[in-house]
Amino acid sequence: MKKICISKDWFFEGDDGAVKKVDLPHDYVITTPREANRLGGDATGYFGGYSGKYSKYMKFEPAEHTILDIDGAYMCARIFFNDDMLDMHPNGYMPYLVDLTGKIREGRNNKIGINVTNVQPSTRWYSGSGVYRDVYLWTGGKVRIEPWDIFVTTSELSEKEAEIKVKFTVSADMDCPARVQFSVHDAEDAIAAASESEIDAKIGKNDEEISIKIDNPHCWDCDKPYLYTLKVRIVANGETEDETELKFGIRTISADAEHGLLLNGKSIKLRGGCIHHDHGVLGSAEFPAAVRRKLARLQSVGYNSVRTAHNPPSLTFLEACDEMGILVMDEAFDMWNIPKQNLDYSLWFRDWWQRDISYMVLRDRNHPSVISYSIGNEIWERNGNSDGAAWSQRLSDEIRKYDKTKLVTSGVCG
C-alpha cells in the first residue's frame with residue numbers, strides 16, 4: 001500500500017472550547033500555565049492534564065482499501081470518522097492502525113477526529129499531550145501488502161554477496177493468481193537486484209517468503225549507515241493492484257559471552273545512554289529538526305547508541321537513527337501490572353500488552369538502527385513477585401513471534 005503524510009491542516013479544540021488551526025505534530029500542554037499543586041507534580045514539570053480534540057476534513061482518492069496510521073497520541077485516544085467512533089487506544093506512545101475501508105464518502109469531505117485525554121498522574125516525566133507525532137494514510141487495492149506486513153532480514157553476508165530474506169503477507173479480497181515483483185534500489189536509486197514471486201492468492205492473509213541476492217553489498221553500520229530501498233509491485237488479472245516500498249539496511253547483529261556484541265561480524269562497544277521523547281522547551285511534539293539536533297549533539301560527544309526511555313520512539317526518530325548510524329534499544333513499557341503512578345498504563349497493561357507489543361515490533365523491525373528490544377524499565381515485578389518471571393517470558397516470547405533476529409532484554413535496577 002502507498003503511504004502519505006496527512007499532518008498538515010488540522011483543527012484543535014481545547015478544554016476552553018476555542019478552536020484553532022494547527023499542523024501536526026502538536027503538543028497542546030507545553031504553552032499552558034504551570035502550577036505547584038498539579039497532580040503530576042515535579043515529575044511532569046507542574047503542567048496540567050487537559051483534554052483535546054483534533055479534526056481534519058478531507059476528500060479521499062478512490063482506493064479499495066484505506067488505513068489510518070497514527071504514530072502516537074497522548075493518551076487514551078478515541079478515533080472518530082464522520083462522527084462515528086471507530087477505535088480507542090490507551091497507550092500514548094504506541095503507533096496503531098485504524099481501517100477506514102468501506103466508511104469513506106466518495107466525492108465529499110470526510111471528517112477524521114482524534115480525541116485525547118491526558119489523565120494525571122500517569123507518568124514520571126513530561127509527557128505532553130495531543131497528536132504529538134505524525135499521522136499517515138495508506139491506500140491499496142484488492143490484492144495488497146498492508147502496513148507493517150513486510151519484514152526484511154539479512155540471512156547471509158560477505159564482502160562479495162549478501163542474501164536478504166523478505167517475508168511478506170499478501171491480503172486478498174478475491175481468489176486469484178498474482179505476481180509479486182521485487183526490486184532493490186541503492187542510494188542512487190539504481191537497481192541492485194530484482195526478483196519476483198508467483199503466488200496463488202486466497203481471500204484473506206497469504207504468508208510468503210522470498211530470498212534475494214545482492215552483489216557487492218554496502219553494509220549498514222555506525223560509520224557508514226547505507227540504506228537500500230525495496231520496491232514491491234503486485235500484478236493481478238493483468239492490472240497493478242498494489243505498490244509499496246520501504247528502506248532497509250544490510251547488516252547482521254549477534255552477541256555471546258565469548259565475542260560480545262558483533263555488528264556485521266565485527267566487535268562493537270555501545271557508547272550511549274537513555275533519552276526521553278520530549279525536546280525540552282519545545283515539548284513533546286516530534287519535529288524532525290529537533291530529533292536530529294538531539295541525536296547530532298549526542299554523536300558529537302561520542303554516542304553511537306541510545307535507549308528509548310521508556311517507551312517506543314516515533315517513526316521520525318527511528319528514520320533519523322537509520323540515516324545517522326545510531327543503534328537503538330527499543331523499549332516497550334515503564335510498568336507492567338504494578339503501577340508507578342496511580343493512573344498509569346498498568347491500568348490497561350493486562351488487556352493491551354499483546355496488541356501493543358505487536359504494534360511496536362511490526363512497525364520497528366525493518367529499521368537497521370534497532371538492534372534490541374526492551375520489555376520494560378525498572379519493572380517492580382523484576383524480583384519475581386506478581387508472576388514477574390512468567391510475565392517476562394510472555395513478553396519476550398511475544399516479541400520473538402514477530403522478530404527473532406534481535407536481542408531481547410530489560411532495563412533492570414536494584
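Residues numbered from 1 in each chain as written. Predicted model: local features only at pLDDT ≥ 70, side-chain atom pairs only at ≥ 80, totals over all residues. Heavy atoms only, no water.

## Things to note about the packing of helix α1 (residues 288-300) against helix α2 (residues 315-324)
Then, number 1: Between α1 and α2, the shortest axis-to-axis distance is 10 Å and the interhelical angle comes to 45°. The angle between the axes of α1 and α2 places the two elements in the oblique class. With respect to the hand of their crossing, α1 and α2 are arranged in right-handed fashion. Packed against α1, whose contacting residues are Pro-288, Val-291, Arg-292, Leu-295, Ala-296 and Gln-299, the element α2 presents Thr-316, Phe-317, Ala-320, Cys-321, Glu-323 and Met-324 at the interface.
Then, number 2: Grouping the amino acids of the contact of α1 with α2 by side-chain chemistry returns eight nonpolar, two polar and two charged. (Axes fitted to C-alpha atoms, helices over the stretch in contact; angles between N-to-C directions. Helix = DSSP H or I, 4+ residues; strand = E, 2+ residues; numbered from the N terminus. Parallel < 35°, antiparallel > 145°, perpendicular 65-115°, else oblique. Left-handed = near helix turned anticlockwise from the far one by under 90°. Contact = heavy atoms within 4.5 Å. Nonpolar A, V, L, I, M, F, W, Y, C, P; charged D, E, K, R; others polar.)

## Section: the sheet that holds strand β25 (residues 370-377)
Then, number 1: Here we have five strands laid out as an open sheet, ordered β22-β23-β24-β25-β26, and parallel in their pairing. At either margin of the open sheet sits one strand with a lone partner, and together these are β22 (272-275) and β26 (407-411). On average, each strand axis in the sheet is inclined to that of its neighbour by 25°, with strand direction left out of account.
Then, number 2: In the sheet, β22 pairs with strand β23 (residues 305-308) via four bridges, with the strands oriented parallel. The residue bridging Cys-274 from the neighbouring strand is Arg-307, located in β23.
Then, number 3: Along the sheet, α2 contacts β22, β23, β24 (327-331) and β25; its crossing angle with β24, the most-contacted strand, is approximately 155°. (Pairing = 2+ DSSP bridges.)

## Some thoughts on the environment of Ile-357
Then, number 1: Within the secondary structure, Ile-357 sits in helix α3 (residues 346-364).
Then, number 2: Overall, Ile-357 belongs to the buried group, its relative accessible area being 0%.
Then, number 3: Separated by 223 residues in sequence, Ile-357 and Asp-134 place their C-alpha atoms 20 Å apart.
Then, number 4: Beyond its immediate sequence surroundings of up to four residues, Ile-357 is in contact with Ala-332, Phe-333, Leu-395, Glu-398 and Ile-399. (Buried < 20%, exposed > 50% of the residue type's maximum accessible area, 1.4 Å probe, protein only.)

## Notes on a nonpolar patch on the surface
Then, number 1: The grouping of Phe-11, Val-19 and Tyr-57 at the surface amounts to a nonpolar patch, some 290 Å² of accessible area in total.
Then, number 2: One can find Tyr-57 in strand β4 (residues 51-58). (Patch = residues over 30% accessible without salt bridge, like charges linked within 9 Å, V, L, I, M, F, W, Y side chains within 5 Å. Areas by Shrake-Rupley, 256 points an atom, 1.4 Å probe, with all protein chains shown as cover. Salt bridge = Lys/Arg side-chain N within 4 Å of Asp/Glu carboxyl O.)

## A word on the state of the cysteines
Then, number 1: With the rule as written, the count across this model stands at zero disulfides.
Then, number 2: Its sulfur unpaired, Cys-5 is 19 Å from the next cysteine sulfur, which belongs to Cys-321.
Then, number 3: Left without a disulfide partner, Cys-274 is nearest to the cysteine sulfur of Cys-413, which lies 11 Å away. (Disulfide = S-S within 2.5 Å.)

## As for the environment of Ile-79
Then, number 1: Along the chain, the position of Ile-79 falls in strand β6 (residues 77-81).
Then, number 2: On the accessibility criterion, Ile-79 (0% relative accessible area) is buried.
Then, number 3: Setting aside its immediate chain neighbours within four residues, Ile-79 contacts Leu-68, Ile-70, Asp-84, Met-85, Leu-86, Asp-87, Tyr-96, Val-98 and Gly-113.

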